[in-house]
Amino acid sequence: MQQRKYFELFASVGRKSSPDKYFPYTVESLLQDMKDARIHGAACLSNTAEDYSFIFGNREAISIAASQPRLVSIAAIPTTAILESGDPAYYERLLEEGVRAFAALPKALHCSLHPKSMRPVAEALMARRRPLIVVGTDTESRYEQVTRLAEEYPDLPIIMQGTHWASGRFFWEAMERCENLYFEISSNQINGVLKTVREHFGAERALYSSAWPKKSMGAMKSMIEYADLSESDKDLIAHGNACRLLGLSIDDFPLYDDADCVFDEIAREADAGLPISVPVIDAHTHMVAGEDKTMSGFMMLDADCDAMVRTMDRLGVQTAITAPFSGLTIDGRKGNEETLYGAKKHPGRFLGYSTCNVRYEDERQAWKHFHEEHPDVFVGIKPYWVFQKYQLTSELCKEWFDYANEHRLLLLVHCDGSDAIFNQVEQLSLDYPDITFVLAHSGMSYAVARKNAALARSRDNVVLEITFTSVARGMIEFLVEQVGADKVLYGSDFPMRDPAPQLGWVCYAKIPVEDKKKILAGNIARLLQ
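Calculation rules
Residues numbered from 1 in each chain as written. Predicted model: local features only at pLDDT ≥ 70, side-chain atom pairs only at ≥ 80, totals over all residues. Heavy atoms only, no water. Helix = DSSP H or I, 4+ residues; strand = E, 2+ residues; numbered from the N terminus. Buried < 20%, exposed > 50% of the residue type's maximum accessible area, 1.4 Å probe, protein only. Lys, Arg positive; Asp, Glu negative; His and termini not counted. Salt bridge = Lys/Arg side-chain N within 4 Å of Asp/Glu carboxyl O. Polar contact = N/O pair within 3.5 Å; in protein donor to acceptor, adjacent residues only side chain to side chain. Contact = heavy atoms within 4.5 Å. Phe/Tyr/Trp six-rings, centres within 6.5 Å; stacked < 30°, edge-to-face > 60°. Lys NZ or Arg CZ within 6 Å of the ring centre and 35° of its normal. Pairing = 2+ DSSP bridges. Axes fitted to C-alpha atoms, helices over the stretch in contact; angles between N-to-C directions.

What about the side chain of Asp498?
Right, on to step 1. Tracing the chain through its elements places Asp498 in the loop between strand S16 (488-489) and helix H22 (499-507).
Right, on to step 2. Put simply, Asp498 is tucked away with no salt bridge, and the nearest opposite charge, on Arg314, sits 6.2 Å away.
Right, on to step 3. Here the side chain of Asp498 touches Gly192 through a polar contact of 3.2 Å, landing on its backbone nitrogen.
Right, on to step 4. If we skip the residues at most four places from it in the chain, Asp498 touches Gln189, Ile190, Asn191 and Gly192.

Quick notes on the packing of aromatic side chains
Right, on to step 1. Going through the model one piece at a time under the given rule, you end up with 22 aromatic pairs.
Right, on to step 2. Here the aromatic rings of Phe23 and Tyr446 are separated by 5.8 Å at their centres, their planes lie at 75 degrees, and the arrangement is edge-to-face. One end of the pair, Phe23, is in the loop between strand S1 (7-13) and helix H1 (27-37); the other, Tyr446, is in helix H20 (residues 446-458), with 423 residues separating them in the sequence. Across this residue pair, the class does not change: Phe23 and Tyr446 are buried.
Right, on to step 3. Summarising the aromatic geometry, the rings of Phe171 and Phe183 are spaced 4.8 Å apart at their centres and angled 75 degrees between planes, so their arrangement reads as edge-to-face. Of this pair, Phe171 sits in helix H8 (residues 168-177) while Phe183 sits in strand S7 (residues 181-184), placing them twelve residues apart in sequence. An identical accessibility class is assigned to Phe171 and Phe183; each is buried.
Right, on to step 4. Chaining the aromatic ring pairs together yields one cluster made of Tyr22, Phe23, Tyr446 and Phe478.
Right, on to step 5. One residue, Arg70, lies across the ring of Tyr256, its end atom 4.0 Å from the ring centre.

Looking at the sheet that holds strand S14 (residues 436-440)
Working definition: the strands of a sheet are paired by backbone hydrogen bonds and lie parallel or antiparallel to each other.
Right, on to step 1. Spatial ordering of the open sheet is given by S9-S10-S11-S12-S13-S14-S15-S16, a layout of eight strands whose pairing is parallel. At either margin of the open sheet sits one strand with a lone partner, and together these are strand S9 (281-285) and S16.
Right, on to step 2. By the bridge criterion, two bridges tie strand S12 (residues 378-381) to strand S13 (residues 410-414) in an arrangement that is parallel. Residue pairing for S13: Ile381 is matched across the bridge by Leu411.
Right, on to step 3. Of the strands in this sheet, S14 and strand S15 (462-465) touch H20, which is tilted by about 150 degrees from S15.

In structure tokens, the structure reads:
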């Protein structure tokens, strides 16, 4: 089986003050996960550098890298490292001992990124042509700090770690301002971001990472494998850019023997970036009208039905069940018309959750027309309390929910982990036994997964939909363990997020292939009968 070489930019190993049983910390676990997902090399930061002493942690990272040929070290550096270490040559010594990058952790190490304070760090790195990784680049203030630093030191490569799709406009502005800014992809799951970055800045500025152990390595591989890129651009993002910036040769990280990693047929297709050949139905998508282009609250690219179908074709998704954003915000009727337009233009590719802004009296009956005139399209409802600010148990929703119960529809409900929304869903699932409650974002975190799974076990009419940016390591396996594969649905939140990591999350999961088939399409197909 052909392997594209991958290099993990930012893995964390070593003991933590408060370890999480779902996220391993040992070098052995990292190496096993790398072998399982075919990640050929990794740069590692020591957790002890964050939780105990950066001096101890940096020694540990160097020692680990020296003993493991697939690993190299990252050193955690506060601006006061020379003062605290008592070593005027501390930075130079770390680099001489093989450290490939410095990591600035402003939040964890309680230090700034002020260009004057960072000068000794920047000068040491520039002398060796090594990069600075800024951890936690996900807020407006952090982007401003990073861009000021990049502007002050244009010869210093700065890799933004933790950029997030929801702060996409800050990300874009930073990339435009500074050519020496790069980013790792683990949380930057803007739909189609790699293609757009390639078109505007070049593929040289994006780097593969799963932020191990937090995310599924396979899920993040899928973001590259399914991107609308040339093979050479995929190689750059998978390993070439990291090796260039860290001063490494990818030849030093050998391929795995096929016997080292046994993929089932679904994982093999995902690993090659091929359309999944078994049925795939995405139970959680949105849409923006072609003439509207994007959303105001966050950057959204390629979000109309035509662009969505092109992406679905690359992934092998036959059908998407959608609730357009116009209907979740200002006007449910507009959203339903957009669903209908997509379903008519692309037969068989779109089904719909009806939308309704129940805060407007003139809308509270409007949804019914769409269900009665187009029952083959509208298979569920999507009450979006998040933007429209109401209680799901409100009288405003009663007629809509009564109809859904009478017609045995799906109800896709945003579950944010709060007790308030959970308690409402818990009650509604009793009040409306013939609605199938699809708990969106059940893979958000292990805490949310446990809570939602408990409800799904106690209710025949509650199922779990997976999607979240976290694509947490081991989450799909956990959900299957908790509720059985028959109660887990694939959904992606596409085009708010790039759907490929969500698909890869399932495809690379260590569960039987028959369970994957149920999650990808079998379960939702059964519910739609």
